[in-house]
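Examination of the molecular architecture
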Amino acid sequence: MNLLVIVLSSQLLYYLLIAQTGVVGAFDSHIHDLYTLPIGGVIGALLSALWRHHSFKQELCFLFGIQMIISWFYPNYSLGMLLALGFVVGYTTPLLLYIFGSQGKLQLSLGLAISYAIGTALYTYPFVERDDIAVVLPLISVVALRFAQLKHVEYREHLQFPWKLVGVMMLWIFADSALFETLSRSGDMDIWSRYTLLIITSHLAGVYLAYRYGDGLVKHSPIILGLFLVSYLLFWIKEPLFLAVIYPVVISYYNVLLFYKLIQMRNIRTIALSMIGVGWIAASAANVVALEHQLWIAAVILGLFALLYPFYFRRIS
C-alpha cells in the first residue's frame, strides 16, 4: 500500500479520536479548559503558510515526533500543552495535504475509508483511556513517512484566494460538526455504540459514491445539502436507525470532495489559510452551537445557503 495513505489515515484518526473527540471528552467539553487548542491550531497554520519549507519529510517527521511526546501525557494536558498540540496539528496538516497533491482521488478515498472505518470502531473507547492510541498514531505516521517516497508536487500559483469555495467548505464542516457534537451528547441518539457496523458500512458507501460519481464539491452541493437536511430531520424526529445510514454517507461523501479540492490547490499558503477557516473556525463555532444546545442555528444557515446557492455559488469551480 502507498505509505502516504497510511500517514494520511493515521493523522485523520489522530484528529478524530484525540484532538477532536478525545481531548474534548476528557475535559467534559469545558471551553475554559480547551480554548488554547484552536488558538494553537490557527498559529500553526499561519506559520505553515508563511514559512519557507525546504524538506517536507524532515519537518513532518520532527513535528510528528513532537506530537508523540505531547501524546505521552494524554489526557493530562495543561493549557500550554493544548496550545502546543493545536500548533502541531495546525502546522502539519497543510504540509501533509500539499505533499498528498501528488496522489490521486483513489489514494485519498482509500485513506479516508481506512480512517472512518477504524475511527468508528474505536469511537466508543473511553476518552480517558485513549492514551495508547494517542501515542501509536503519530508513531505510525513517523514510520510510514520515513519510508515513503515523496513525489514532486507541481506548485500552483493562486492570483486570489478562493473565498467562496472555502466558504462552502466551512459550511459543510460547520453543519457536520454541529450535528456530530450534538449527537455525542445525546444519550437517546447514541448511534455509534448501537449501530457500529452499519455506520462503518455507510461510511464506506459514502466514500465509494464520492470516488465514483463526485466530480466537484460545489457542483454536488445540492446533494450534500439534501443529505444534511435529511440527517437533521432524522435527529429531530428521533430515528437513530435511519440516521445511522444517512449521516455517515454524507460525512464521507462531502469529505472526499472537500479534501480532494484541498490537495488540488497545490499551494501551501492557500491550503493553510483554508484550513484556518475549515479546520478551526468552523469546527470551533459548531462546538459552541452544540454546547449551547442551539442546533437550530445550523439548520437556519443551511436554509440560507439553499437560497443563495443558485445566485452566488453554483458557478464556482
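Just above sits the structure.
First, a word on what this report is: a plain description of the structure on this page. Quick caveat, the model's predicted, so the values are computed rather than measured.

Here is what the cut-offs are and how they apply
- Residues numbered from 1 in each chain as written.
- Predicted model: local features only at pLDDT ≥ 70, side-chain atom pairs only at ≥ 80, totals over all residues.
- Heavy atoms only, no water.
- Helix = DSSP H or I, 4+ residues; strand = E, 2+ residues; numbered from the N terminus.
- Expected span 1.5 Å × (residues − 1).
- Buried < 20%, exposed > 50% of the residue type's maximum accessible area, 1.4 Å probe, protein only.
- Arc of directions from axis to C-beta.
- Core = buried A, V, L, I, M, F, W, Y, C linked by side-chain atoms within 4.5 Å.
- Contact = heavy atoms within 4.5 Å.
- Salt bridge = Lys/Arg side-chain N within 4 Å of Asp/Glu carboxyl O.
- Patch = residues over 30% accessible without salt bridge, like charges linked within 9 Å, V, L, I, M, F, W, Y side chains within 5 Å.
- Areas by Shrake-Rupley, 256 points an atom, 1.4 Å probe, with all protein chains shown as cover.

1. Brief notes about helix H4 (residues 56-71)
Under the 1.5 Å per step criterion, the end-to-end length of H4 is 22 Å for 16 residues, consistent within 8% with the ideal 22 Å. Within H4, burial applies to Phe56, Glu59, Leu60, Leu63, Phe64, Gln67, Ile70 and Ser71. Around the axis of H4, the buried residues are gathered within 125° of arc, so they sit on the same side. Of the residues in H4, the exposed ones pointing more than 90 degrees away from the buried face are Gln58, Phe62 and Ile69.

2. Quick word on the nonpolar core
Within the largest apolar cluster, 103 residues are counted, with the highest numbers of intra-cluster contacts made by Trp172, Phe228 and Tyr247. Counting residues per element, this core draws most heavily on helix H12 (residues 240-265), at 14 residues. If we ignore the near neighbours within four places in the chain, the residues touching Trp172 are Leu217, Ser221, Ile224, Leu225, Phe228, Tyr254, Leu302 and Phe305.

3. Points about the pattern of salt bridges
On inspection of all chains with the given rule, the structure shows two salt bridges. As a salt-bridge pair, Arg185 and Glu181 come within 2.8 Å of each other at their nearest N and O atoms. By relative accessible area, Arg185 is classed as partly exposed at 33%. When the shortest N-O distance is used, the salt bridge between Lys219 and Asp215 registers 3.0 Å. Here the two residues Lys219 and Asp215 agree in accessibility, since each one is exposed.

4. Here we look at the side chain of Thr270
Inspection of the secondary structure assignment puts Thr270 in helix H13 (residues 268-291). According to the relative accessible area criterion, Thr270 is buried, its value standing at 6%. Excluding its chain neighbours within four sequence positions, the residues that come into contact with Thr270 are His158, Phe161, Pro162 and Met265.

5. Thoughts on a nonpolar patch on the surface
Taken together, the side chains of Leu233, Trp236, Ile237, Trp296, Val300, Leu304, Leu307, Leu308, Phe311 and Tyr312 define a hydrophobic patch exposed on the protein surface, amounting to about 1100 Å² of accessible area. Element by element, the count of residues in the nonpolar patch is highest for helix H14 (residues 296-313), at seven residues. Among the secondary structure elements, Leu304 is positioned in helix H14.

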